[in-house]
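# Analysis of the macromolecular model
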Amino acid sequence: MQSQYNSKSTAVKRLMREAKELSEPTDEYSAHPLEDNLFEWHFTIRGPQASEYDGGIYHGRILLPTEYPMKPPNIILLTPNGRWETNKKICLSISSHHPETWQPSWSIRTALLALIAFMPTNGRGSLGALEYTPEERSSLAKKSHTWACDSCGQISDLLANNKAKPMTKEESELINSVTFKGEDSEKVTKPSDQQKQEVQSNAINEEPVINNITPNFFKDALCSDIGMYLIYLIIALISILVARRFYSA
């Protein structure tokens, strides 16, 4: 396969190395590129233990950009699972939906570990998430053993008894920190120390507000609720004065 691609390409070198590292299936996951396409991989993962996916086996595709590892992959599940829609790109912080959170040091193995870790979490309406009951997911987990891929065959045969190598410190930190963007949107983002310093620096460089009153200040005041009440009050007072003059005349 290597002869089909530019051996000097960073993406090709990286994917070839990862293909070698993942050539032996484990009891948790397996992954390999298609014979005719180094940039499309098929993977199989085992459902996490002590969850409604326990005992299930799930198969999917990983579509990698030519800029990999500088840009993240697309991850698609093919086996019905009750957690994510099938044949649809998963919205995960480690997928192409959010390239701003991707790190080039992450890998296909990292993506698989993250996928397994996040199966039992609540999707909270994130893109492609499904809200099936635990009973429905357990039923799908049992049925998954009969599922077959057109390219890879029976997925129950794609995992092995080999133990996966332990997670590195970086992988453990990633699993503990990466979240779905749909969940992130419900959280308040705390400013970093650098952002705090920038705010303080800007505050020092700014002139005191009391010495910087401009027409925009009055314009902003008029646009506020208090400003509108003042306008109504002034209009009412003028109306009273006009009425008093009219009647006194």
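Residues numbered from 1 in each chain as written. Predicted model: local features only at pLDDT ≥ 70, side-chain atom pairs only at ≥ 80, totals over all residues. Heavy atoms only, no water.

Looking at an unreviewed UniProt entry, one finds the chain named UBC core domain-containing protein, with Aphis gossypii as its source organism.

### Some thoughts on unusual backbone geometry
For clarity, the cut-off: Starting at the N terminus, helices and strands are each numbered in turn, a helix being any DSSP run of H or I of at least four residues and a strand any DSSP run of E of at least two.
With omega at 10°, the peptide bond leading from Tyr 68 into Pro 69 counts as cis. Residue placement: Pro 69 occurs in the loop between strand S3 (57-63) and strand S4 (74-77). Here the phi dihedral of Ala 50 falls at roughly 60°; this positive angle occurs in a residue that is not glycine. Structurally, Ala 50 can be placed in the loop between strand S2 (37-46) and S3. Unlike most non-glycine residues, Asn 87 shows phi in positive territory, near 60°. Take Asn 87: it is sitting in the loop between S4 and helix H2 (108-118).

### Looking at the pattern of salt bridges
The cut-off we apply is this: Every case where a carboxyl oxygen of Asp or Glu lies within 4 Å of a side-chain nitrogen of Lys or Arg is listed as a salt bridge. The cut-offs for exposure are 20% and 50% of the maximum accessible area for each residue type, with area from a 1.4 Å probe on protein chains only; residues under the lower value are buried, those over the upper are exposed, and the others partly exposed.
Applying the stated rule across the entire model yields 7 salt bridges. Lys 163 is paired through a salt bridge with Asp 27; the nearest N and O atoms lie 3.3 Å apart. Here Lys 163, found in the loop between strand S6 (153-154) and helix H4 (169-177), pairs with Asp 27, found in the loop between helix H1 (10-21) and strand S1 (29-34); they are 136 residues apart in sequence, far enough to count as distant. Residue classification places Lys 163 among the exposed positions, given a relative accessible area of 70%.

### Section: the sheet that holds S2
Note the cut-off: Two strands pair if DSSP finds at least two bridges between them. Think of each axis as a best-fit line through the C-alpha atoms, taken over the contacting stretch in the case of a helix, with angles from 0 to 180 degrees between the N-to-C directions. Residue contacts are counted whenever heavy atoms from the two residues lie within 4.5 Å of one another.
Strand order in the open sheet formed by 4 strands is S1-S2-S3-S4, and the pairing between neighbours is antiparallel. Of all strands in the sheet, those with a lone pairing partner are S1 and S4, marking the two edges. Strand-to-strand twist in this sheet, taken as the mean axis angle between neighbours without regard to direction, amounts to 25°. Against the sheet, H1 makes contact with S1 and S2, and its axis sits at roughly 35° relative to S2, the strand it touches most.

### Considering the pairing of S4
Side chains Asn 74 and Ile 76 project from S4 onto one buried face, and the interleaved Ile 75 and Leu 77 project onto a second face that is buried too. Direction of pairing for S3 relative to S4: antiparallel, over a ladder of 4 bridges. Residue pairing across strands places Arg 61 opposite Ile 76, the latter belonging to S4.

### Things to note about the layout of surface pockets
Heads up, the rule is: Lining residues are those with an atom within 4 Å of a point, where the points come from a 1 Å grid over the protein atoms alone and group into cavities, where a 1.4 Å probe fits but cannot get out, or pockets, open sets with protein on both sides within 12 Å along at least five of seven lines. Grid points are joined across faces, edges and corners, and a volume is the space filled by probe spheres set on the points. Asp, Glu, Lys and Arg are counted as charged, while Ala, Val, Leu, Ile, Met, Phe, Trp, Tyr, Cys and Pro are counted as nonpolar; the rest, among them Gly, fall into the polar class.
The calculated volume of the largest pocket comes to roughly 390 Å³. What lines the largest pocket is a set of 21 residues, and nearest its centre among them are Glu 21, Ser 107, Arg 109, Lys 165 and Glu 171. Where the lining of the largest pocket is concerned, the elements lending two or more residues are H1, H2 and H4. It is H1 that contributes the most residues to the lining of the largest pocket, 4 residues altogether. Across the lining of the largest pocket, the residue classes tally to 5 nonpolar, 6 polar and 10 charged.

### Let's talk about the packing of H2 against H4
Between two packed helices, both the angle of their axes relative to each other and the distance between the axes serve to describe the pair. Let me state the cut-off plainly: Roughly parallel means an angle under 35 degrees; roughly antiparallel, over 145; roughly perpendicular, 65 to 115; everything else is oblique. Handedness of a helix crossing follows the sense of rotation of the near helix relative to the far helix, less than a right angle counterclockwise being left-handed and clockwise being right-handed.
At a closest axis distance of 10 Å, the pairing of H2 and H4 adopts a crossing angle of 40°. When the axes of H2 and H4 are compared, the pair comes out oblique. Between H2 and H4 the crossing geometry is right-handed. Across from Arg 109, Thr 110, Leu 113, Ala 114, Ala 117 and Phe 118 in H2, the residues of H4 making contact are Glu 171, Leu 174 and Ile 175. Looking at side-chain class alone, the contact of H2 with H4 contains 6 nonpolar, 1 polar and 2 charged residues.

### Describing the environment of Gln 154
Tracing the sequence through the fold places Gln 154 in strand S6. With a relative accessible area of 30%, Gln 154 lands in the partly exposed category. Here the alpha-carbon distance between Gln 154 and His 59, two residues 95 residues apart in the chain, equals 9.9 Å. Apart from residues no more than four positions distant in its own chain, Gln 154 is found in contact with His 145, Thr 146, Trp 147 and Ala 148.

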